[in-house]
Amino acid sequence: MAFRLKYSASTEAVHDAMPAAESEQLSLALAAACEDPIAATEVYGEDDGVMRTIVTEHAIAVILVGHITKTLTVLQLRSCCLSGHDRWVSAGQA
């Protein structure tokens, strides 16, 4: 059973502002995580199966896996490829 993806408007804005290729790479990684959140993600801190990370070439997403609710909540998204930025830009869940 696939998990449902959730994130805040500020996180969505960072994702939407990414260049097309980098955004697609992140979208594919998020889609894979929705199918199998443990296999498609990496450990974040302690391996508790709840806090996980998705790492692509140009983005890092910290996610919360809701096993009972079947949701993945993006808590933070950091991107290094936004137009006009030469450093990492991030957005988090409010």
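All of these numbers come straight from a predicted model, not from anything done at the bench. (Residues numbered from 1 in each chain as written. Predicted model: local features only at pLDDT ≥ 70, side-chain atom pairs only at ≥ 80, totals over all residues. Heavy atoms only, no water.)

Scanning the protein chain for helices and strands turns up two helices and six strands. Counted over contacts in the protein chain with a minimum sequence separation of 6, partners at least 24 positions apart contribute 43%. When the accessible area of the protein chain is evaluated, it comes to approximately 5,300 Å², of which 53% is carbon and sulfur surface. (Helix = DSSP H or I, 4+ residues; strand = E, 2+ residues; numbered from the N terminus. Contact = heavy atoms within 4.5 Å. Areas by Shrake-Rupley, 256 points an atom, 1.4 Å probe, with all protein chains shown as cover.)

Next up on the list: the side chain of S8. Mapped onto the secondary structure, S8 falls in the loop between strand 1 (4-6) and helix 1 (9-17). Since its relative accessible area comes to 14%, S8 is described here as buried. At 3.1 Å, the side chain of S8 and the side chain of S10 are in polar contact. Of the polar contacts made by the side chain of S8, one reaches the side chain of T11; its length is 3.0 Å. (Buried < 20%, exposed > 50% of the residue type's maximum accessible area, 1.4 Å probe, protein only. Polar contact = N/O pair within 3.5 Å; in protein donor to acceptor, adjacent residues only side chain to side chain.)

Here we come to the pairing of strand 3 (residues 51-55). With two bridges connecting them, strand 2 (residues 42-43) and strand 3 associate as antiparallel partners. Counterpart to E42 in the pairing with strand 3 is T53. Examined bridge by bridge, strand 3 and strand 4 (residues 59-66) share five bridges and lie antiparallel to one another. When the sheet's bridge partners are listed, V55 is paired in strand 4 with I60. (Pairing = 2+ DSSP bridges.)

Moving on: the environment of R52. Residue position: R52 is located in strand 3. On the basis of relative accessibility, which here comes to 4%, the residue R52 falls in the buried class. For the pair R52 and L72, spaced 20 residues apart in sequence, the C-alpha separation works out to 9.7 Å. Once residues lying within four places of it in the same chain are set aside, the contact partners of R52 are P37, I38, T41, E42, V43, Y44, D47, A61, V62, I63 and V65. At 3.0 Å, the side chain of R52 forms a polar contact with the backbone oxygen of I38.

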